[in-house]
Amino acid sequence: MKQNYVTLNDGNHIPQFGLGVYQISGDEATKQACLEALNLGYRHIDTAHAYQNERGVGEAVKESGIPRNEIWITSKLWPSEYGEGKSAVAIEKMLDRLDTDYIDLLLLHQQFGDYSGAWKDMERAVVQGKVKSIGLSNFESERLEELVEAANIKPSVLQVECHPYYQQNALKQRLAPYGTAIESWYPIGHGDNELLNEPIFTELAQKYGKTNVQVILRWHMQEGIIVFPKSTNPQHLKENISIFDFGLTDKEMALIRTLDKGVRFFNMTLAEQEQNLGKFIPAD
Ligand SMILES: NC(=O)c1ccc[n+]([C@@H]2O[C@H](COP(=O)([O-])OP(=O)(O)OC[C@H]3O[C@@H](n4cnc5c(N)ncnc54)[C@H](OP(=O)(O)O)[C@@H]3O)[C@@H](O)[C@H]2O)c1
């Protein structure tokens, strides 16, 4: 299966398309979804300590028989693991859960807590070869610039909600000076029916003999965004990766850009998000 790669600001090459495993419950189901995906040609898995399924990811990578250096694994530290010294310990535990010698991309999951201390440990982990690339997730406030300006290693990616209804154009401009790439979460709007059934996607799907979801994913690819739609359904897994054999024209890309209407599917305020952090207490 053909793959596209994005060159990050640290020179590493990340497969632009992968599998997200948020809300796949438990290690066994996660392992099965990852194995199915790897078998179909996926080479990038996005997990997090908070998803509580890193062991399933690690088992699938081992069982797949695919060389470790051909698979990109991203995971994320939770704010309760942030802090100089503390995050170094959390990284060791993550390596253990993933059963791997290194993590391809490690992110700070949320913009709360001692993220500055955590970033210092992440930079040290890069020097030590335990982590290849480091980045951020959900840093959309002024804390983004605060962290980036102080950082020795600039974040290679910022993972945020991004789809045709919320295209993150202002954020892309803020990131341009640092060469930080956008990773999309909710790339197909978490499966939202209104988004999936937009007439423009139906029209283009008919034109290219594709599905509406494939048109949306193809749009992300041509925008240069890194995507990892979640699925446990083998048909969807196959459908989602089958987007490398057609291309949208400049005019079609521009038409899809007009759908940008500032609609998010995740609407918690920063204060609500901070209050909710305690709902996940990471164990080893
Ligand atoms: N950093 C963060 O805070 C954050 C937050 C959210 C997500 N993420 C990451 O982003 C990934 C993707 O986000 P997401 O999983 O929430 O949303 P998503 O990928 O936009 O949508 C997933 C939903 O779409 C359905 N689906 C998948 N393929 C489909 C297809 N071909 N046709 C119809 N429905 C389809 C899935 O159901 P089936 O399983 O039945 O196919 C699931 O209900 C996550 O897994 C995670 O890795 C990160």
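Just so you know, these numbers come straight off a predicted model, no measurement behind them. (Residues numbered from 1 in each chain as written. Predicted model: local features only at pLDDT ≥ 70, side-chain atom pairs only at ≥ 80, totals over all residues. Heavy atoms only, no water.)

Colleague: For the overall build of the chain, give the residues involved together with the corresponding values.
Modeller: For the chain, the helix and strand inventory stands at 12 helices and 10 strands. In terms of overall dimensions, the chain is globule-like: its C-alpha atoms have a radius of gyration of 18 Å, near the 19 Å expected for 284 residues. For the chain, the C-alpha atoms occupy an extent of roughly 55 × 45 × 35 Å along the three principal directions. For the chain, buried positions account for 55% of its 284 residues. The long-range share in the chain, meaning contacts at least 24 apart out of those at least 6 apart in sequence, stands at 75%. Computed over 28 positive and 39 negative side-chain charges, the separation of the two mean positions in the chain equals 2 Å. (Helix = DSSP H or I, 4+ residues; strand = E, 2+ residues; numbered from the N terminus. Rg over C-alpha atoms; globule rule 2.2 N^0.38 Å. Buried < 20%, exposed > 50% of the residue type's maximum accessible area, 1.4 Å probe, protein only. Contact = heavy atoms within 4.5 Å. Lys, Arg positive; Asp, Glu negative; His and termini not counted. Charge placed at Lys NZ, Arg CZ, Asp CG, Glu CD.)

Colleague: Outline the sheet that holds strand S5 (residues 72-77), listing residues and values.
Modeller: Here we have eight strands laid out as an open sheet, ordered S3-S4-S5-S6-S7-S8-S9-S10, and parallel in their pairing. Each end of this open sheet is capped by a strand with a single partner; those strands are strand S3 (19-20) and strand S10 (226-227). As paired strands, strand S6 (residues 103-108) and strand S7 (residues 131-137) are joined by five bridges and run parallel to one another. Across the sheet, leucine 108 pairs through a bridge with leucine 136, a residue of S7. Strands S5, S6 and S7 of the sheet are contacted by helix H4 (residues 115-127), whose axis makes an angle of about 160° with S7. (Pairing = 2+ DSSP bridges. Axes fitted to C-alpha atoms, helices over the stretch in contact; angles between N-to-C directions.)

Colleague: Tell me what's going on with the packing of helix H1 (residues 27-40) against helix H2 (residues 54-64), and back it up with residues and numbers.
Modeller: At a minimum axis distance of 7 Å, the contact between H1 and H2 shows a crossing angle of 40°. In terms of orientation, H1 lies oblique with respect to H2. Judged by the twist between their axes, the crossing of H1 over H2 is right-handed. Along its contact with H1, which presents Asp27, Thr30, Lys31, Cys34, Leu35 and Leu38, the element H2 presents Glu54, Arg55, Gly56, Val57, Glu59, Ala60, Val61, Glu63 and Ser64. Across the contact of H1 with H2, the residue classes tally to six nonpolar, three polar and six charged. (Parallel < 35°, antiparallel > 145°, perpendicular 65-115°, else oblique. Left-handed = near helix turned anticlockwise from the far one by under 90°. Nonpolar A, V, L, I, M, F, W, Y, C, P; charged D, E, K, R; others polar.)

Colleague: Explain the site of the ligand to me, and be specific about the residues and the numbers.
Modeller: Inspection of the region around the ligand gives 27 residues, with Asp46, Asn138, His190, Ser231 and His236 positioned closest. Computed on the free molecule, the ligand has an accessible area of 910 Å², of which 87% lies beneath the protein chains in the complex. Among the elements that take part in the shell around the ligand, helix H10 (residues 234-241) stands out by supplying three residues, more than any other. A breakdown of the residues in the shell around the ligand according to their chemical character gives 10 nonpolar, 13 polar and four charged. (Near = heavy atom within 4 Å. Areas by Shrake-Rupley, 256 points an atom, 1.4 Å probe, with all protein chains shown as cover.)

Colleague: Which residues make up the environment of tyrosine 82, and what are the values?
Modeller: For tyrosine 82, the location among the structural elements is in the loop between S5 and helix H3 (86-98). Sequence separation between tyrosine 82 and leucine 108 is 26 residues; the distance between their C-alpha atoms is 8.4 Å. Dropping the residues within four chain positions of it, tyrosine 82 is found in contact with Leu77, Ser87, Leu108, His109, Gln110, Phe112, Gly113, Asp114, Tyr115 and Ala118. A polar contact is formed between the side chain of tyrosine 82 and the backbone nitrogen of histidine 109, at a distance of 3.1 Å. Within polar-contact distance, the side chain of tyrosine 82 engages the backbone oxygen of glutamine 110 at 2.7 Å. (Polar contact = N/O pair within 3.5 Å; in protein donor to acceptor, adjacent residues only side chain to side chain.)

Colleague: Tell me about the packing of H3 against H4, residues and numbers included.
Modeller: Viewed as axis vectors pointing N to C, H3 and H4 meet at an angle of 50°, and their least axial separation amounts to 8 Å. By the angle between their axes, H3 is oblique relative to H4. Seen along the crossing, H3 lies across H4 with a hand that is right-handed. Of the residues in H4, those in contact with Lys86, Ser87, Ala88 and Ile91 of H3 are Ala118, Asp121, Met122 and Ala125. A per-class count over the contact of H3 with H4 returns five nonpolar, one polar and two charged.

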